[in-house]
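Summary of structural features
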Amino acid sequence: MVIVTELLKALEKVEGLRPSTPASAPARSWIPWDVDTLAIDVEDGLVCVRVVATRLPLSLDEAGASLRAVLLGTPWEKAVLRIVVTDVDKRALDHLNGA
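Below you will find a few notes about this structure.

Conventions and cut-offs
- Residues numbered from 1 in each chain as written.
- Predicted model: local features only at pLDDT ≥ 70, side-chain atom pairs only at ≥ 80, totals over all residues.
- Heavy atoms only, no water.
- Helix = DSSP H or I, 4+ residues; strand = E, 2+ residues; numbered from the N terminus.
- Buried < 20%, exposed > 50% of the residue type's maximum accessible area, 1.4 Å probe, protein only.
- Contact = heavy atoms within 4.5 Å.
- Areas by Shrake-Rupley, 256 points an atom, 1.4 Å probe, with all protein chains shown as cover.
- Pairing = 2+ DSSP bridges.
- Right-handed = clockwise from strand over helix to strand, strands pointing away.
- Arc of directions from axis to C-beta.

1. Some points on the overall build of the protein
- In terms of helices and strands, the protein carries two helices and four strands.
- Secondary structure elements of the protein, listed N to C terminal, follow the sequence α-β-β-β-α-β.
- Relative to its 99 residues, the protein shows a buried fraction of 34%.
- Within the protein, contacts between residues at least 6 apart in sequence are counted, and of these 73% link residues at least 24 apart.
- With an accessible surface of roughly 6,500 Å², the protein has 55% of that area assigned to carbon and sulfur atoms.

2. Some thoughts on the pairing of strand 2 (residues 40-43)
- In the sheet, strand 2 pairs with strand 3 (residues 46-53) via four bridges, with the strands oriented antiparallel. Bridge pairing in strand 3 places Val42 opposite Val47.
- Between strand 2 and strand 3, which pair antiparallel one after the other, the connecting turn spans two residues, and Gly45 there sits at a positive phi close to 80 degrees.

3. Digging into the pairing of strand 3
- The element strand 3 is extensively covered by neighbouring structure, given that eight of its eight residues are classed as buried.
- Taking every second residue as pointing to the same face, both faces of strand 3 are buried, with Leu46, Cys48, Arg50 and Val52 on one and Val47, Val49, Val51 and Ala53 on the other.
- Two elements, strand 3 and strand 4 (residues 80-88), share eight bridges in a ladder whose sense is parallel. When the sheet's bridge partners are listed, Arg50 is paired in strand 4 with Val84.
- Running through helix 2 (residues 60-71), the crossover from strand 3 to the neighbouring parallel element strand 4 is right-handed.

4. Quick look at helix 1 (residues 2-12)
- Listed as buried for helix 1 are Ile3, Val4, Leu7, Leu8, Ala10 and Leu11. Each buried residue of helix 1 lies within a common arc of 160 degrees when the element is viewed along its axis, so the set occupies one face. In helix 1, those exposed residues whose orientation departs by more than 90 degrees from the buried face are Val2 and Glu12.
- The inward-facing, buried residues of helix 1 abut strand 1 (17-19), strand 2, strand 3 and helix 2.

Here you go:
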């Protein structure tokens with residue numbers, strides 16, 4: 001789905017967040033597909049983007065603005081945009097230990 005690809009491109013530009021993919025997703029496959037697409041659900045009236053925080057503080061406002069810009073002019077322009085932080089990468093907390 002083209003909108004999912006565009007949303008992933010927008011998310012790539014946001015520092016400190018990456019798509020959250022299932023742990024059971026295959027690392028390699030002979031079928032050419034982008035496992036990151038599993039982090040995004042697009043439905044009528046709802047766009048849900050699951051992310052992992054790789055840096056704190058979270059940049060959710062920036063992510064929301066970037067993702068919302070992609071939705072402008074599409075059937076999902078007025079959809080609820082939900083950003084769900086599914087995990088925090090250990091490196092995001094390293095500064096707490098003086099690392």
